[in-house]
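# Remarks on the overall topology
So you can see what is in the structure, the chains are spelled out below.
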Amino acid sequence: MTVFRTSLRRGIWGIAAWASGLLFFLPFAWMVLTSLHSEPDAATNPPSVGAALTFQGYREFFGAGTGTSPWPPLINSLTASVTSTLLVLALAIPAAYALSIKPVRKWTDVMFFFLSTKMLPAVAGLLPVYLIAKNAGMLDNIWLLVILYTSMNLPIAVWMMRSFLAEVPVEILEAASIDGAGLPTVLLRIVAPVAAPGIAATALISFIFSWNELLFARVLTGVVAGTAPVFLTGFVTSQGLFLAKVCAAAVCISLPVLVAGFAAQDKLVQGLSLGAVK
């Protein structure tokens, strides 16, 4: 009887987990299906599920008949996201090391300071950032976005990395110190391999936040440094909303994040759950 109840409970939880997963996956699946329809079929109400499929939306996204290429915005997004993520890791890991393994004085105040930087709405800092960028001559510059994304993601990365590095056994670090290992050696050869799941999770979240950021990219960039989300907003024109084309563009722009998440899903789950179970 006990075995039956246990199996029944596991079955119910399994069904609930699959239902939740499908519920979250359904909007993306619907977006993919809509992107494969023609504009008249995509605009029908209710939507025409069994309509003929076509790749016209994807062809128009890649410039067929429009003359606009998505590659410069995609390259800008990739440059800003990857570079800022590397900078975030380079700064967050030593900071988290100092706040966890080699704790500084009043480290709780330091952590609260990092957290307090996220309490201000992003739109509240938009005008000062715009004026600073304008006076510095950095408007429509991809490196301005790199600096902004690094500063925006660094507090979250420090908080995440501190919880990950707090799980590193102190005995290993003490043994390395006895063997004469310096701080760079400790970080690269000991801390990094042990905290690899946490580093992967932090990097992936920083990459996603940078890739999806729209507000600052929309205001601070133009023709040269426009990113993929900014390019996506260009499909909403005065002529109306072309749903199939917008869905095709959204699918293509979402693919890098989806591929990165799928490739690092084991590290992401392991990293986000690190320290949750003692």
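Residues numbered from 1 in each chain as written. Predicted model: local features only at pLDDT ≥ 70, side-chain atom pairs only at ≥ 80, totals over all residues. Heavy atoms only, no water.

Now for a nonpolar patch on the surface. Together, Phe112, Leu115, Met119 and Trp159 give the surface a local cluster of nonpolar side chains, amounting to about 420 Å² of exposed area. The residue Phe112 is located in helix H5 (residues 107-116) in this model. (Patch = residues over 30% accessible without salt bridge, like charges linked within 9 Å, V, L, I, M, F, W, Y side chains within 5 Å. Areas by Shrake-Rupley, 256 points an atom, 1.4 Å probe, with all protein chains shown as cover. Salt bridge = Lys/Arg side-chain N within 4 Å of Asp/Glu carboxyl O. Helix = DSSP H or I, 4+ residues; strand = E, 2+ residues; numbered from the N terminus.)

Our next topic: the packing of aromatic side chains. Considering all chains together, one arrives at 6 aromatic pairs under this definition. With a centroid separation of 6.2 Å and an interplanar angle of 55°, the aromatic rings of Phe55 and Tyr58 are classed as tilted. Ring pairs connect the aromatic residues Phe61, Phe62, Trp71 and Phe231, which therefore count as one cluster. Directly above the ring of Phe242 sits Lys245, whose terminal nitrogen or CZ lies 5.0 Å from the centroid. (Phe/Tyr/Trp six-rings, centres within 6.5 Å; stacked < 30°, edge-to-face > 60°. Lys NZ or Arg CZ within 6 Å of the ring centre and 35° of its normal.)

We now examine the packing of helix H4 (residues 71-100) against helix H7 (residues 142-165). Direction vectors running N to C along H4 and H7 enclose 35°, while the axes themselves pass 6 Å from each other. Crossing handedness for the pair H4 and H7: right-handed. The class makeup of the residues in the contact of H4 with H7 is 20 nonpolar, 7 polar and 1 charged. (Axes fitted to C-alpha atoms, helices over the stretch in contact; angles between N-to-C directions. Left-handed = near helix turned anticlockwise from the far one by under 90°. Nonpolar A, V, L, I, M, F, W, Y, C, P; charged D, E, K, R; others polar.)

Moving on, we get to the nonpolar core. Core analysis: the largest hydrophobic core is formed by 29 residues, its most contacted members being Tyr97, Met161, Leu165, Leu173 and Val191. Looking at this core, the elements that each hand over two or more residues are H4, H5, H7, helix H8 (170-178), helix H9 (183-194) and helix H10 (196-212). Not counting chain neighbours up to four residues away, the residues in contact with Leu173 comprise Tyr97, Ile101, Val168, Val186, Ile190 and Val191. Phe61, Ala249, Ala250 and Ile253 belong to the second-largest nonpolar core, a separate cluster that totals 19 residues. (Core = buried A, V, L, I, M, F, W, Y, C linked by side-chain atoms within 4.5 Å. Buried < 20%, exposed > 50% of the residue type's maximum accessible area, 1.4 Å probe, protein only. Contact = heavy atoms within 4.5 Å.)

Quantified by volume, the largest pocket comes out at close to 320 Å³. A per-class count over the lining of the largest pocket returns 8 nonpolar, 3 polar and 1 charged. Considering only enclosed or pocket space, the second largest pocket measures out at about 240 Å³ in volume. Contributing to the lining of the second largest pocket are 15 residues, with Pro73, Gly222, Val223, Gly226 and Phe231 lying nearest its centre. For the lining of the second largest pocket, the secondary-structure elements that each account for two or more residues are H4 and helix H12 (228-233). Per element, the largest residue contribution to the lining of the second largest pocket is 3 residues, and it comes from H4. (1 Å grid on protein atoms, 1.4 Å probe; cavity = no way out; pocket = protein on both sides within 12 Å on 5 of 7 lines; lining within 4 Å. Points joined across faces, edges and corners; volume = space filled by probe spheres on them.)

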